[in-house]
Amino acid sequence: MSDPIDAPVTLAEIARIAGVGRAAVSNWRRRHNSFPPPVGGTDASPQFSLVDIERWLHANGKIDRIGLRERLWPHYEALGDRSVMGAALAEAGGRLIATEELGAAGRVAPGQSGLTSAAARVVDETVEAARHEGGRETFDFLLSRWLDAHVRQVSTTPVPLARLMADVAVAVRAGGLAGGALGGVTVLDPACGAGGLLLAAGERMGDRGTGTGAPAPTLLGTDIDPVLAALAAVRLGFAGMAGAGALAETRAGDSLRADPQAGARADVVLCNPPFNARDWGYEELATDPRWLYGLPPRTEPELAWVEHALARLAPGGVAVVLLPPAVASRRAGRRIRGALLRTGVLRGVVALPAGAAQPHSVSLQLWILRAPAADGVAAPGDRLFLFDAVDRQGAAKGAQNIDWPRLSARVLEAVHSHAWSGDLEAGAEEPPPERCVTVPVMDLLDEETDLTPARHVPETAREAQAVLGEVWGHLDGLLDEVRGHSRHLAEIDLSGGVDAASTVTVSDLDRARALKARQGQTPTGELLHGDALPDGAVPVMTVPDLIMGGLPAGWLAADEVKAGAVSGSLTVAEPGDIVVVGVERAFRVWVQTNTPLVLGPQLHALRPDPELLDPWFLAGCLRAPANARQAGSHTSSSARIDVRKLQVLQLSLAEQGPYALAFKELLALEEALRSVVAVGEDLVRVLGDGLAAGRLRRRPGR
């Protein structure tokens, strides 16, 4: 190997390099005076020189071949930049495939030019280590570590989900072909990332996957990130060497703006597109011929990917696209959803449990689409296939708890229960699985065109009973919480107060610099909406949000918020600030916690001096109903609150403490009572629906 590259490593990384537990490394450090001293970190988490550690391990016979791959990873980390690390790994993978010369069928990207000297040395070390560890094993290990280290920047499709999407495409396409033949299909992923979907397609649609001796599929991938495209090419190249037999080619490029695969026509498109992409090319693509079903609105980039997938399909081809749930219901996309339904190209929607892929907090959906036949006429689409695979009894609560074999079997059973070659109404003779329905398209073409499966799939009796039990339990817990807050607040004695307590206004406190008052503004940037808050984004709160439900409906990028706060064009409430709504019908006051919040018009941020004002005391005084009434202004069409006139008790910081505790308890009681009302409404709904459906069953002895 060339001279080693130094990098800081922790005790845990040393343990992985040596193939032992961390306790063994700690023991070496205590017993051997020659163990290298730390070069950084902290006393609790020291860091050591990788070069010094490797020398010590070799000198003391503590290292073996098991740790060769682990020894490589710190060298990659030392390169620092994500793209440099990825480019070095792709170059190493390409060299490994070329040197092994095992007849790879894939067209692997040529060697990466412009690597730094440090990156080139890491590539040499990787090739040398792979002689002992195996080329594909070494590459797969390093790729896994690279993806884990950059999980926030690089989104991947989990292997079980990728296989499920490929299986769904196989089932739907086979249902529309005479004899179910699947020979020699072309599969395209226009946002291929590291190639997970294409790998699954090669596995499922090749000879090994079908067992029919069919010709190998052709796998085409595109990604806007050249590093990801190169890594995908290497992965597909290794898969070809392993006998998958697929012909593969990946290209770097922007599929929406300048598609390098524009001339390709695929039998199957599999795609997990980027969600909530702010700049997808709305302006320059306004007249693009791909928009046969309407120009996607600026705020609907996912629908642009859906139409792109359809444009790249060969006649009768099938697309399976992973989408966030709001795409099925957002008002901005209603017109395009209607066009997809009327033309028969949208054939089904499958709701997956939360945790199936990033973002893990929402229930993503699979959209199943079929291109028109060669004569330009779509297959009959009188009905839409809907399947809600979400476990309503809460069995799957996150990625780690999804039973993928069971979930995949349920989805495929539902898919196989319908005749995909024609009208879905002519489905199989057997009754469809639970939570699987076909809905007449005409019933969906209303003012909303909401395609969310849960809205159309009725609850089973078993699910309804499970939900009822959960609601009863939730209600009992809330009632206990209400009783607890009530006991504490009942101890308050209000008879000892003076008749006219001394107060001061917010305006006076601002002038005295006891607090700083700022008024919300209209956001200067483009307010974006989505199902989940992206990493690094800052939510934006407006008065309509409060009136409609109390949660922010949009967000801005963190760098835009930072620049706006510096320039004064945005008002940002930081944790510890008090937010006051200056509109009477939405009036409320709260202490902002956890995260920053951008405030829209008629919202106010008060930042108290912690040496003079307790934030909970200040918020409690401001939110008193009588206080709001006296500060109300009716000079306009809508009643407003003059925040400057709101009164605050004039007490020392020590005297504010008991009031702050009482105000917090009162707020907790108010929130618990509000939750009781909401849960009570759910209880009435569930019981009412169950009784009306004839599900009442008398218990013995009643």
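Analysis parameters
- Residue numbering note: each chain is counted from 1, following its sequence as written.
- Local features in this predicted model are restricted to residues whose pLDDT is 70 or higher, and side-chain atom pairs enter the listing and the counts only when it is 80 or higher, whereas totals over whole chains, interfaces and linings include all residues.
- No hydrogens and no water enter the side-chain calculation; it runs on all heavy atoms of the structure.
- Secondary structure is summarised from DSSP: a helix means a run of H or I of at least four residues, a strand means a run of E of at least two, and numbering begins at the N terminus for each.
- Per-residue accessibility, obtained with a 1.4 Å probe over protein chains only, is compared with the maximum for each type, and a residue is labelled buried under 20%, exposed over 50%, and partly exposed between these values.
- Note on contacts: a residue pair qualifies if any of its non-hydrogen atoms lie within 4.5 Å across the two residues.
- Using a 1.4 Å probe, the Shrake-Rupley method yields the accessible areas, and only the shown protein chains count as cover for residues.
- Ring pairs shown here join Phe, Tyr and Trp side chains whose ring centres sit within 6.5 Å, with only the six-membered ring taken for Trp; geometry is labelled stacked below 30 degrees between planes, edge-to-face above 60, and tilted in between.
- Think of it this way: DSSP has to see at least two bridges between two strands before they count as a pair.
- Axis lines are fitted to C-alpha atoms, over the contacting stretch for helices. Their N-to-C directions set the angle, which ranges from 0 to 180 degrees.
- Throughout this description, a polar contact denotes any pair of N or O atoms lying within 3.5 Å of each other; where both atoms belong to protein, one of them has to be capable of donating a hydrogen while the other can accept it, and for residues adjacent in sequence the pair is counted only when both atoms sit in side chains.
- What is meant by a nonpolar core is a set of buried Ala, Val, Leu, Ile, Met, Phe, Trp, Tyr and Cys residues, joined one to another through side-chain atoms within 4.5 Å.
- Here is the rule for angles: anything less than 35 degrees is roughly parallel, anything more than 145 is roughly antiparallel, 65 through 115 is roughly perpendicular, and the remaining ranges are oblique.
- Put simply, a crossing is left-handed when the front helix is turned counterclockwise from the back one by less than a right angle, and right-handed when it is turned clockwise.
- Each residue is assigned to one of three groups, with Ala, Val, Leu, Ile, Met, Phe, Trp, Tyr, Cys and Pro labelled nonpolar, Asp, Glu, Lys and Arg labelled charged, and all others, Gly among them, labelled polar.
- By convention in these notes, a salt bridge is any Lys or Arg side-chain nitrogen within 4 Å of a carboxyl oxygen on Asp or Glu.
- Confidence per residue, as judged by the predictor, is encoded in pLDDT with a range of 0 to 100.

### Remarks on the overall build of the protein chain
Helix and strand counts for the protein chain stand at 23 helices and 24 strands. In the protein chain, which comprises 702 residues, the proportion classed as buried is 48%. Sequence-distant contacts, at least 24 apart, represent 73% of the contacts inside the protein chain between residues at least 6 apart. Counting only carbon and sulfur atoms, one obtains 52% of the accessible surface of the protein chain, whose full area is about 33200 Å².

### So, the packing of aromatic side chains
Under the criterion given, the structure shown has eight aromatic pairs. Aromatic pair Trp 28 and Trp 56: ring centres 5.9 Å apart, planes at 45°, arrangement tilted. Of this pair, Trp 28 sits in helix H2 (residues 22-31) while Trp 56 is found in helix H3 (residues 50-59), placing the two residues 28 residues apart along the sequence. Ring centres of Phe 617 and Tyr 659 lie 6.2 Å apart, and the angle between their planes is 75°; on these two criteria the pair is classed as edge-to-face. Note that Phe 617 is positioned in helix H21 (residues 615-622) and Tyr 659 in helix H23 (residues 653-692), a separation of 42 residues in sequence. Taken together through their ring pairs, the aromatic side chains of Trp 28, Phe 35, Phe 48 and Trp 56 make up a single cluster.

### Quick look at the environment of Leu 197
Structurally, Leu 197 is set in helix H9 (residues 196-205). Overall, Leu 197 belongs to the buried group, its relative accessible area being 3%. Through-space distance from the C-alpha of Leu 197 to that of Leu 161 is 8.7 Å; in sequence the pair is 36 residues apart. With residues near it in sequence (within four places) discarded, Leu 197 still touches Thr 157, Ala 162, Met 165, Asp 189, Leu 270, Cys 271 and Asn 272.

### Examining the sheet that holds strand S21 (residues 603-608)
Reading across the sheet, the four strands line up as S14-S21-S18-S19 and stay open at both edges, with antiparallel pairing between neighbours. Two strands bound the open sheet, and with one partner strand each, they are strand S14 (515-519) and strand S19 (589-591). Going from strand to strand, the sheet's axes swing by 20° on average, the running direction of each strand aside. Bridge count between strand S18 (residues 578-581) and S21: four bridges; the pairing is antiparallel.

### Details of the side chain of Asn 272
Inspection of the secondary structure assignment puts Asn 272 in the loop between strand S7 (266-271) and helix H12 (301-311). Engagement of the side chain of Asn 272 in a polar contact is seen with the side chain of Thr 157, the distance being 2.9 Å. Apart from the residues within four sequence positions on either side, Asn 272 is in contact with Thr 156, Thr 157, Ala 191, Leu 197 and Leu 322.

### Some details on the nonpolar core
What tends to happen in soluble globular proteins is that the nonpolar side chains get buried as a cluster. Grouped together as the largest cluster of nonpolar side chains are 47 residues, with contacts concentrated most on Val 168, Val 187, Met 205, Leu 270 and Val 411. A per-element tally of this core places helix H8 (residues 159-175) first, with ten residues. With residues up to four places along the chain from it excluded, the contact list for Val 411 reads Leu 164, Val 168, Val 350, Phe 387 and Ala 389. In this structure, Val 269, Leu 303, Ala 304 and Val 345 belong to the second largest nonpolar core, which totals 42 residues.

### Quick notes on the environment of Ala 118
By secondary structure assignment, the location of Ala 118 is in helix H6 (residues 117-133). In this structure, the C-alpha to C-alpha distance between Ala 118 and Ala 78, residues 40 residues apart in sequence, is 9.0 Å.

### Re the packing of H21 against H23
Taken N-terminus to C-terminus, the directions of H21 and H23 make an angle of 60°; their axes are 8 Å apart at the nearest point. Compared by their axis directions, H21 and H23 come out oblique. Once H21 is placed against H23, the crossing between them reads as left-handed. Contact with H21, carried on its side by Trp 616, Phe 617, Gly 620 and Cys 621, involves Gln 656, Tyr 659, Ala 660, Phe 663, Lys 664 and Leu 667 of H23 and no other residues of that element. Of the residues in the contact of H21 with H23, the class split is seven nonpolar, two polar and one charged.

### Observations concerning the pattern of salt bridges
Under the counting rule described, the total for this entry stands at 27 salt bridges. Between Glu 128 and Arg 131 there is a salt bridge, and its shortest N-O distance comes to 3.2 Å. With a gap of three residues between them, Glu 128 and Arg 131 both fall in helix H6, about one helical turn apart. In this structure Glu 128 comes out as partly exposed when scored by relative accessible area, which is 24%. The residue Asp 450 makes a salt bridge to Arg 455 at a minimum N-O spacing of 3.0 Å. Accessibility expressed as a relative area gives 11% for Asp 450, which makes it buried. One salt-bridge network, held together by shared partners, links Arg 163, Asp 167, Glu 203 and Arg 204.

### Here's the deal with the sheet that holds strand S3 (residues 46-49)
Consider a sheet: its strands pair through backbone hydrogen bonds, and that pairing is either parallel or antiparallel. Judged by pairing direction, the sheet is antiparallel, and its three strands sit side by side in the order S1-S3-S2 without closing on themselves. Strands with a single pairing partner mark the edges of an open sheet, and in this sheet they are strand S1 (8-9) and strand S2 (40-41). Examined bridge by bridge, S1 and S3 share two bridges and lie antiparallel to one another. Its bridge partner being in S3, Pro 8 is matched across the sheet by Ser 49. The strands touched by H3 are S1 and S3; relative to S3, the strand with the most contacts, the crossing angle is about 70°.

### Here we look at the packing of H6 against helix H7 (residues 135-149)
Contact pair H6 / H7: the axes reach a minimum separation of 7 Å and the direction vectors enclose 120°. Judged on the interaxial angle alone, H7 and H6 are oblique. For the pair H6 and H7, the crossing hand works out as right-handed. Packed against H6, whose contacting residues are Thr 126, Ala 130 and Glu 133, the element H7 presents Gly 135, Glu 137, Thr 138 and Leu 142 at the interface. Grouping the constituent residues of the contact of H6 with H7 by class yields two nonpolar, three polar and two charged.

### Quick look at the side chain of Arg 518
Tracing the chain through its elements places Arg 518 in strand S14. For Arg 518, the side chain forms a polar contact with the side chain of Asp 577, separated by 3.1 Å. With residues up to four places along the chain from it excluded, the contact list for Arg 518 reads Thr 571, Val 572, Asp 577, Leu 603, His 604, Ala 605 and Arg 607.

### Re the confidence of the model for the protein chain
Averaged over every residue, the pLDDT of the protein chain is 82; the share at 70 or more is 83%. Across residues 102-112 the pLDDT falls below 50, and counting only partners more than four positions away or on other chains, this stretch makes 23 contacts in the model. Note that residues 422-428 has pLDDT below 50 and, in this model, 19 contacts with residues that lie over four places away or in other chains.

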